[in-house]
Amino acid sequence: MSEEITALLNHITWELVLPVDNRNLIGCKFIFRTKRNSDGTISKYKARLVAKGFHQRPGLDYSQTFSPVVKPAIIRLILSIAVMNGWSVRQLDINNAFLHGNLEETVFMHQPPGFKDISKPDYVCKLKKSIYGLKQAPRQWYKALRDALLQFGFVHSATDNSLFFYASNSVLYYCLVYVDDIIIIGSVSSFVVDTINKLNHTFSVKDMGRLHFFLGIEAIPTAKGFFLSQHKYI
């Protein structure tokens, strides 16, 4: 919980202000999760501060919503292309992804339970960044990621909002986005590494190495490509 609050404060996620009359004030809570590896062993214990987005009012503290979720058919298709060509397949995770999205609306939130500022106990949080739980948070994160990828030379796919591709001469690679999980596939390994480094300069990126576990699917490398399994789910 302390690590989560520290990350939020480092990103200047909010500022403490006096409550404003007649403004919607939403709550927040901590969500605890045990993250596991593909073999079922514990990877880490995680605490996340989540806003109670169901208290938000349309037109007041949020307008449009969207979540970047790549289609399963696209994932299978791009993986097939990568296997046939023997391309590099890398997996990334964005730390505190939603904190990279700037809020366009004014949202007020209660101070986190157990972490109130004792010098300002009656103050509330005026959010500057989108946090998990807000209805517009996935959309704001997607905008930040999309803008970065377009700046790197990627092109937005017309068939799937969560698929980006880069094509130049003999270089071709794809970027698949599922909220804060990203797969990068490319014909030239050095270009893939270069893209990962660029993303790391813009966001806080955790390089997971070669694709091994994505959306509950275990990807086991074989001599002919990948063996996809949902052994953990079963």
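Residues numbered from 1 in each chain as written. Predicted model: local features only at pLDDT ≥ 70, side-chain atom pairs only at ≥ 80, totals over all residues. Heavy atoms only, no water.

Draft legend 1. The arrangement of the overall build of the protein in detail. Looking only at helices and strands, one finds four helices and 15 strands in the protein. Seen through its principal axes, the protein has C-alpha atoms that stretch 60 × 40 × 30 Å. Relative to its full complement of 234 residues, the protein shows a buried share of 44%. In the protein, the proportion of contacts linking residues at least 24 apart, taken out of those at least 6 apart, comes to 67%. For the protein, the accessible surface area stands at approximately 12700 Å², while carbon and sulfur atoms represent 52% of it. When the 27 basic and 18 acidic side-chain charges of the protein are each reduced to a single mean position, those positions are 4 Å apart. (Helix = DSSP H or I, 4+ residues; strand = E, 2+ residues; numbered from the N terminus. Buried < 20%, exposed > 50% of the residue type's maximum accessible area, 1.4 Å probe, protein only. Contact = heavy atoms within 4.5 Å. Areas by Shrake-Rupley, 256 points an atom, 1.4 Å probe, with all protein chains shown as cover. Lys, Arg positive; Asp, Glu negative; His and termini not counted. Charge placed at Lys NZ, Arg CZ, Asp CG, Glu CD.)

Draft legend 2. Layout of the pattern of salt bridges. Under the defined criterion, the tally for this structure stands at four salt bridges. The salt bridge involving Asp207 is made with Arg90; its shortest N-O contact spans 2.5 Å. Of the two residues, Asp207 sits in strand S12 (residues 205-210) while Arg90 sits in strand S5 (residues 88-94), which places them 117 residues apart along the sequence. The exposure class of Asp207 is partly exposed, given its relative accessible area of 37%. Between Lys143 and Glu104 there is a salt bridge, with the nearest N and O atoms lying 2.5 Å from each other. Separated by 39 residues along the polypeptide, Lys143 in helix H3 (residues 137-151) and Glu104 in the loop between S5 and strand S6 (108-109) bring together distant segments of the chain. (Salt bridge = Lys/Arg side-chain N within 4 Å of Asp/Glu carboxyl O.)

Draft legend 3. Region of the structure containing the sheet that holds strand S1 (residues 14-17). If you trace the four strands from one edge of the open sheet to the other, you get S1-S7-S6-S2, paired in mixed fashion. At either end of the open sheet lies a strand with only one pairing partner, and these are S1 and strand S2 (25-26). As paired strands, S2 and S6 are joined by two bridges and run parallel to one another. In the strand pairing of S6, Ile26 is matched with Met109. (Pairing = 2+ DSSP bridges.)

Draft legend 4. Main features of the nonpolar core. Residues Met109, Leu134, Ile184, Leu199 and Phe203 are the most contacted members of the largest nonpolar core, which totals 45 residues. No other element matches the seven residues that H3 contributes to this core. Beyond its immediate stretch of four places on either side in the chain, Met109 contacts Trp14, Leu25, Ile26, Gly27, Cys28, Leu49, Ala51, Val124, Cys125, Leu127 and Ile131. By size, the runner-up hydrophobic cluster in this structure holds 17 residues, among which are Leu79, Trp87, Leu176 and Leu211. (Core = buried A, V, L, I, M, F, W, Y, C linked by side-chain atoms within 4.5 Å.)

Draft legend 5. Spotlight on the packing of aromatic side chains. Counted under the stated rule, the structure contains 10 aromatic pairs. With centroids separated by 5.2 Å and ring planes inclined at 75°, the aromatic side chains of Trp141 and Phe203 adopt a geometry described as edge-to-face. Of this pair, Trp141 sits in helix H3 while Phe203 is found in the loop between helix H4 (189-202) and S12, placing the two residues 62 residues apart along the sequence. Seen from their ring centres, Tyr166 and Tyr173 are 5.1 Å apart, and the 35° between their planes marks the pair as tilted. One exposure class covers both Tyr166 and Tyr173, and it is buried. Members of the aromatic cluster, each reached through a chain of ring pairs, are Phe154, Tyr166, Tyr173 and Phe191. One Lys or Arg, Arg48, reaches over the ring of Tyr132 and ends 3.7 Å from the middle of that ring. (Phe/Tyr/Trp six-rings, centres within 6.5 Å; stacked < 30°, edge-to-face > 60°. Lys NZ or Arg CZ within 6 Å of the ring centre and 35° of its normal.)

Draft legend 6. Fine view of the side chain of Gln91. As for its placement among the helices and strands, Gln91 is situated in strand S5. Excluding residues within four positions of it along the chain, Gln91 makes contact with Ile182, Lys206, Asp207, Met208, Gly209, Arg210, Leu211, His212, Phe213 and Phe214.

Draft legend 7. Focus on helix H2 (residues 72-85). The end-to-end C-alpha distance of H2 is 20 Å, a good match for the 20 Å that 14 residues give at a rise of 1.5 Å each. Among the residues of H2, those classed as buried are Ile74, Ile75, Ile78, Leu79 and Ala82. Down the axis of H2, the sector holding all buried residues measures 125°, keeping them to one side. Relative to its buried face, H2 has exposed residues pointing more than 90 degrees away, namely Pro72, Arg76 and Met84. Its buried side turned inward, H2 meets S5, strand S9 (163-168), strand S10 (171-178), strand S11 (181-186), strand S13 (213-214) and strand S15 (226-229). Just beyond H2, the residue with positive phi is Gly86, at close to 70°. (Expected span 1.5 Å × (residues − 1). Arc of directions from axis to C-beta.)

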